[in-house]
Amino acid sequence: MANTMARSFLQVAATEEAAPPLRVVQMEGLVILKIIKHCKDHSPSLVTGQLLGLDVGSVLEVTNCFPFPMREEDEEIEADGANYQLEMMRCLREVNVDNNTVGWYQSTLLGSFQTVELIETFMNYQENIRRCVCIIYDPSRADQGVLALKALKLSDAFMELYRSNNFTGEKLREKNLSWVDIFEEIPIKVSNSALISAFMTELEPDSPVTQCDYDRLQLSTSSLMERNMEFLIECMDDLSLEQQKFQFYYRSLSRQQAQQQAWLQKRRVENMSRKAAGEDPLPEEDPSNPIFKPLPEPSRLESFLITNQISNYCNQINGVSGQSFNRLYLMKALHEE
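Residues numbered from 1 in each chain as written. Predicted model: local features only at pLDDT ≥ 70, side-chain atom pairs only at ≥ 80, totals over all residues. Heavy atoms only, no water.

Caption draft 1: Quick look at helix α2 (residues 29–41). For α2, built from 13 residues, the straight-helix expectation of 18 Å at 1.5 Å per residue is met to within 8% by its first-to-last C-alpha distance of 18 Å. Of the positions making up α2, those classed as buried are Gly 29, Val 31, Ile 32, Ile 35, His 38 and Cys 39. (Helix = DSSP H or I, 4+ residues; strand = E, 2+ residues; numbered from the N terminus. Expected span 1.5 Å × (residues − 1). Buried < 20%, exposed > 50% of the residue type's maximum accessible area, 1.4 Å probe, protein only.)

Caption draft 2: Fine view of a nonpolar patch on the surface. Together, Phe 325, Leu 328 and Tyr 329 line one region of the surface with nonpolar side chains, adding up to about 350 Å² of accessible area. The topology assignment puts Leu 328 in helix α10 (residues 301–336). (Patch = residues over 30% accessible without salt bridge, like charges linked within 9 Å, V, L, I, M, F, W, Y side chains within 5 Å. Areas by Shrake-Rupley, 256 points an atom, 1.4 Å probe, with all protein chains shown as cover. Salt bridge = Lys/Arg side-chain N within 4 Å of Asp/Glu carboxyl O.)

Caption draft 3: The arrangement of the environment of Phe 68 in detail. Along the chain, Phe 68 falls in the loop between β3 (59–67) and α3 (75–94). Along the primary structure Phe 68 and Gln 50 are separated by 18 residues, whereas in three dimensions their C-alpha atoms are 7.0 Å apart. Setting aside its immediate chain neighbours within four residues, Phe 68 contacts His 38, Thr 48, Gly 49, Gln 50, Tyr 84, Gln 85 and Tyr 125. (Contact = heavy atoms within 4.5 Å.)

Caption draft 4: Spatial organisation of the pattern of salt bridges. The final tally for this structure, using the stated rule, is 10 salt bridges. In this structure, Arg 90 and Glu 87 form a salt bridge, with 2.2 Å as the shortest nitrogen-oxygen distance. Of this pair, Arg 90 and Glu 87 both sit in helix α3, 3 residues apart, roughly one helical turn. By relative accessible area, which is 31% here, Arg 90 ends up partly exposed. Here Arg 274 makes a salt bridge to Glu 279, at a shortest N to O gap of 3.3 Å.

Caption draft 5: Structural context of the nonpolar core. Judged by nonpolar contacts, the single largest core of 31 residues is most densely connected at Ile 119, Phe 122, Leu 154, Phe 158, Ile 182 and Phe 183. Those elements that provide at least two residues to this core are α3, α4 (116–126), β5 (133–137), β6 (149–154), α5 (156–164) and α10. The leading source of residues in this core is α4, at 6 residues. Looking at which domains feed residues into this core, each of domain 1 (18–203) and domain 2 (231–270 + 283–334) gives three or more. In this structure Phe 183 touches Gln 114, Leu 118, Ile 119, Phe 122, Lys 153, Leu 154, Leu 305 and Asn 308, once residues within four positions along its chain are discounted. (Core = buried A, V, L, I, M, F, W, Y, C linked by side-chain atoms within 4.5 Å. Domains from an automatic or database assignment.)

Caption draft 6: Structural context of the environment of Thr 101. Take Thr 101: it is sitting in strand β4 (residues 101–107). Expressed as a C-alpha distance, the spacing of Thr 101 and Met 89, which sit 12 residues apart in the sequence, is 9.0 Å. Contacts of Thr 101, omitting those with residues within four sequence positions, involve Gln 50, Leu 51, Leu 52, Met 89, Tyr 125 and Ile 129. Of note is the side chain of Thr 101, whose polar atom sits 3.3 Å from the side chain of Gln 50. (Polar contact = N/O pair within 3.5 Å; in protein donor to acceptor, adjacent residues only side chain to side chain.)

Caption draft 7: Fine view of the sheet that holds β4. Read across the open sheet, the 8 strands follow the order β7-β6-β5-β4-β2-β3-β1-β8; overall the sheet is mixed. Each end of this open sheet is capped by a strand with a single partner; those strands are β7 (183–186) and β8 (188–191). On average, adjacent strands in this sheet sit at an angle of 35° to one another, irrespective of strand direction. Sheet topology places β5 next to β6; 4 bridges connect them, and they run antiparallel. Each bridged residue has a counterpart across the sheet, and for Ile 136 the counterpart in β6 is Lys 150. Across the face of the sheet, α4 comes into contact with β2 (48–56), β4, β5, β6 and β7 while running at roughly 165° to β4. (Pairing = 2+ DSSP bridges. Axes fitted to C-alpha atoms, helices over the stretch in contact; angles between N-to-C directions.)

Caption draft 8: Spatial organisation of the packing of aromatic side chains. Across all of its chains, the model carries 8 aromatic pairs by this definition. Geometrically, the ring pair formed by Trp 104 and Tyr 125 is stacked, given 4.8 Å between the ring centres and 20° between the ring planes. Remark: Tyr 125 occurs in helix α4 and Trp 104 occurs in strand β4; sequence separation between them is 21 residues. The structure contains a cluster of three or more aromatic residues connected by ring pairs, namely Trp 104, Phe 122 and Tyr 125. (Phe/Tyr/Trp six-rings, centres within 6.5 Å; stacked < 30°, edge-to-face > 60°.)

So yeah, pure geometry; function would need other evidence.
Structure, rendered in structure tokens:
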């Protein structure tokens, strides 16, 4: 009987460890409204906040959130911010509200969020939370009638490589990891209670057209396009600097290999002379010689993140320009009629 109970316990423990992959982030409508209000009130400043909820199978439920105070570089203020988070979670627990941390949210400007700081924050959360997500909201795109809300997580392969801190070309080829494998976007599902859904139905206006529908018909998108192009040019400059680092590394590596070959050739000639004189040959490798010291290869993490950001800006430009053409063709057809 005891053995059966022990086996059952081990089977249950093994089942719990093999959790299903995260498929959906289910967010309450009130949480989305809180995030939008917090980000929009402080725009263009970037703000963050805590996400609270439950991890249920392949669904991560986000049922509540609260904002973080504006961060500063002072250590005392950072300590006050940590105390504020603990106090907020204690107060939520006292009123019987979900106080389990499932991630955080942050605002962004035109999708410029793929940074090393975001990865470091993910790794810090991963130390205590097995599965966490980051909700990214872009208030600058709300004027175009777009709800720019996305849920991100780091891929398992990238986290394993980041812990080893080895982003050399050989290691990346071994893991078959490219710049598109850093982040994983999780679909977001908005959930509301039946009472809230009924209340929202009562609040719906009689007119089928809302202000958001009118916003989508704005013909002027030059400011949004210009800012995306400016950020894209900056990213191209940053990527060019990263490529120059690798070019310098490979030039230095080629120069070092040429020096090693010249030194080996000289040592072999010297050993032939010593052998002819009956003396012992000298070793063909000298670790104390600086030309045999391996050159550190630059990390490819920054170039991967910049490439990710370039792809994001290109997708945004493609989406904005495509919508603009559709509106222009629509207005042209209306004028012709």
